[in-house]
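Observations on the model geometry
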Amino acid sequence: MNQLVLIVGSGLITAALLAVAGVGFTLQFSVTNVLNIAYGSVMGAAAFAAYEVNKAGANLWVSGLVAAATGAMLSLAMNRGVFKPFERRRAGVFTLIILSLAISLILDNVVLMVGGPFFFSYKQLGQASVRIAGVGFPPSQVFIVGAAVVLMFAVHAMQKWTKLGKAMRATATNPELAKASGVRTGLVIDLAWLISGALCGLAGLFMGIIVGAFNASTGSSFLVPIIAAVVLGGIGESYGAMLGALTIGLVSEAAASIAGVSALKQLVAFAILIGMLLLRPQGIMSGTAAQRGLVR
Amino acid sequence: MSVATGWEFVAITMLVYLGVNLIACLGLNLQYGTAGVLNFAFIVFQAAGAYVAALFAVGPSSSSGGFQTYVGGWDFPFPLPWLVATITGAVIAVPIGLVGLRRLRSDYQAMVMLVVSLIATTVVVSFPGFLNGSAGIALVPPPLGTLLNPISVQYGWLYVGLTAVCCMVVFVLVSALARSPLGRNWRAMRENEAVAIAVGLDVNRLRMLVFVVGGAIAALSGAVLVDFISAWSPDAWLYPETFAFFTALIVGGLGNSMGALIGAVLVPTLLLEGVTLLPTFANPTVSLGLQWVVIGVVIIAFLWFRPQGIVPERKTVIAPPDNTAAALATGHKAQEAG
């Protein structure tokens, strides 16, 4: 019983991180059509920025705001400074992915140069534990699960019920038609970078809290489980990313806990990803992948 | 016999690194420059070659007295480890190709390959019994080390010669392949896949073929490198290393061997290795970080200002063969007669 609670609890905590990160990644891709390899590095940079203000004495709420703002501003700057100019020149998808990898290297190494080759940990996480069905969980991690649920509902509400959400979905489906129908696609794309970047930044903070200690390359190492969650659910699909995150979080925790080998966690995510790529590379919800011709 | 010191040591080191990087760039250029196949997991093939060459030279794990653990371990005579490594590169290209070369949009494919590279690193680090984990395999004996004195300057130059021979073999091979009908098919696939399929080319086979040949070349580069530096660990083949080779090709110029040579000299050799031989101007973390920042900036700048690279690929114009001209001529006559 206790083991089951532990598995579900840890699984939900992992899933919460992957869901926030995955929804940001997939939203970015669906609206902007850029597969942003630098996503993990932006997470890392935001986690580091939050660490700096946290070290200076700010509490985790303020640190969270800083993380979200860092992620949003970095993402917007990437679009305005690099992706948009290249897209105007009709650069191919390969050029764009190489650019995102270049940005990823630059970000990781700027953090390395500024922060040094050290591991960073947040302060004021609280030492007490929340007991759920007899198993203790750190309160900050329980909070992350709650925050993820709120964020997922907010993304859902935005996409479903706001004018911006409608405009985003229109831009994602057919940018030319959206433009012709009066949607200011340039603005919508900028806002998509801002919102997905903010989610990415928050995911960075959550990552820092969950792993306990992170360094300059921890963010980019999270790219694989994020991509696994996104590809499993179906790339470009927000609900798919949530579903994928939940599956990977629970399955990997269960496998690691039952076998008693923690390295298994990552390997299960890898196995799911590779199996999915072999059997159904468009993912469970295949709408965006089919529409973009990702899988021919 | 004198021990290699001073400028000779630097020259030998730089030349061997240049040779290794040139072999790797020629292999990657065949895959991406000629055939248009994106292989963001390229470094995994170099790593596999290095590990296999090390395993086939270092002797069994137990002989090191618990200093390092790995699977297998033999002490085969010199050319065999390099040969086995090269074959391994070709063999592992098949399963990796099956996962990564599915008919995916090219950026999606690139992302999948990057993920393969990240997975490979994590697997090696997570299972220390497999290839000695993050510490890596050390004390790889130098080739012919029992017959010759491996710390002599003559040995160093001999190694440079061996590397040069490998470069020549790879150069002749990729040049022949690029000129062959197979090379033309690869370029056709690169330029327009739909048309290539329409004229009856089996693009899946073409893609897998270039993946296997390029994988073998990458593995050879790893074997040459590991026997020179005598150690190999996951730090040597993190995914940004693949990116350094891509940068080299884009800077030098895609799709031609001269471009690959210039790129190999400038990016992985001078910028990544050469800088480490200079007296340090800042603390090691800052200079290491700065190298990669510079690489990132260089690639963005080249893609913006000179996407064709320093040496652009020459357009190959293929003259119609004589019989075509003759057939046209006879067709013409037949029309006149009719």
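Residues numbered from 1 in each chain as written. Chains lettered and ligands numbered in written order. Predicted model: local features only at pLDDT ≥ 70, side-chain atom pairs only at ≥ 80, totals over all residues.

Let us now look at the overall build of chain B. Each helix and strand in chain B was counted, giving 13 helices and zero strands. Its helices and strands taken in sequence order, chain B reads α-α-α-α-α-α-α-α-α-α-α-α-α from the N to the C terminus. Burial analysis of chain B (338 residues in total) assigns 46% to the buried set. Contacts in chain B between residues far apart in sequence, at least 24 positions, make up 79% of those at least 6 positions apart. (Helix = DSSP H or I, 4+ residues; strand = E, 2+ residues; numbered from the N terminus. Buried ≥ 20, exposed ≤ 12 C-beta atoms within 10 Å, placed from the backbone. Contact = placed C-beta atoms within 7 Å.)

Another aspect to go through is the overall build of chain A. Scanning chain A from N- to C-terminus turns up 13 helices and two strands. Compactness check: chain A gives a C-alpha radius of gyration of 19 Å against a globular reference of 19 Å for 296 residues, within 12% of the reference. Burial status across chain A gives 53% buried among its 296 residues. Nonlocal contacts in chain A, meaning residues at least 24 apart in sequence, comprise 74% of its contacts between residues at least 6 apart. (Rg over C-alpha atoms; globule rule 2.2 N^0.38 Å.)

Our next topic: the confidence of the model for chain B. Residues and elements named next belong to chain B. Residues at a pLDDT of 70 or more form 89% of chain B, whose mean pLDDT is 86. Taking the mean pLDDT of every element in chain B, the minimum, 53, falls on helix α13 (residues 322-337) and the maximum, 94, on helix α9 (residues 203-229). With pLDDT under 50 throughout, residues 333-338 is counted as low confidence; its partners more than four residues away or in other chains account for zero contacts. In the predicted assembly, ipTM is 0.88 and pTM is 0.87. (pLDDT = per-residue confidence, 0-100.)

Taking 1.5 Å per residue as the helical rise, helix α4 (residues 106-126) of chain B with its 21 residues ought to reach 30 Å, and the 30 Å between its terminal C-alpha atoms agrees with that figure. Where burial is concerned, most of α4(B) is hidden: 16 out of the 21 residues are buried. (Expected span 1.5 Å × (residues − 1).)

On to unusual backbone geometry, then. A positive phi is found at N132(B), a non-glycine position, where the angle reads about 60°. Relative to the helices and strands, N132(B) resides in the loop between α5 (128-131) and α6 (153-179).

Counting residues in hydrophobic clusters, the biggest one holds 204 residues, and the most contacted among them are A19(A), V20(A), I23(B), A54(B) and L220(B). For this core, the element with the most residues is helix α2 (residues 42-58) of chain B, which contributes 15 residues. (Core = buried A, V, L, I, M, F, W, Y, C linked by C-beta atoms within 7 Å.)

What follows concerns the interface of chain B and chain A. Contacts between the two partners involve 33 residues from chain B, matched on the other side by 37 residues from chain A. Those elements that provide at least two residues to the side of chain B that touches chain A are α4, α10 (240-252) and α12 (284-305) of chain B. When grouped by side-chain class, the residues that make up the side of chain B that touches chain A number 23 nonpolar, six polar and four charged. (Nonpolar A, V, L, I, M, F, W, Y, C, P; charged D, E, K, R; others polar.)

Remark: helix α10 (residues 223-233) of chain A packs on α4(B), axes separated minimally by 10 Å, with the N-to-C direction vectors making an angle of 135°. Judged by the angle between their axes, α10(A) and α4(B) are oblique. With respect to the hand of their crossing, α10(A) and α4(B) are arranged in left-handed fashion. Only M111(B), V115(B), L118(B) and I119(B) of α4(B) make contact with α10(A), whose side of the interface consists of L223(A), V224(A) and I227(A). Taken together, the residues of the contact of α10(A) with α4(B) sort by class into seven nonpolar, no polar and no charged. (Axes fitted to C-alpha atoms, helices over the stretch in contact; angles between N-to-C directions. Parallel < 35°, antiparallel > 145°, perpendicular 65-115°, else oblique. Left-handed = near helix turned anticlockwise from the far one by under 90°.)

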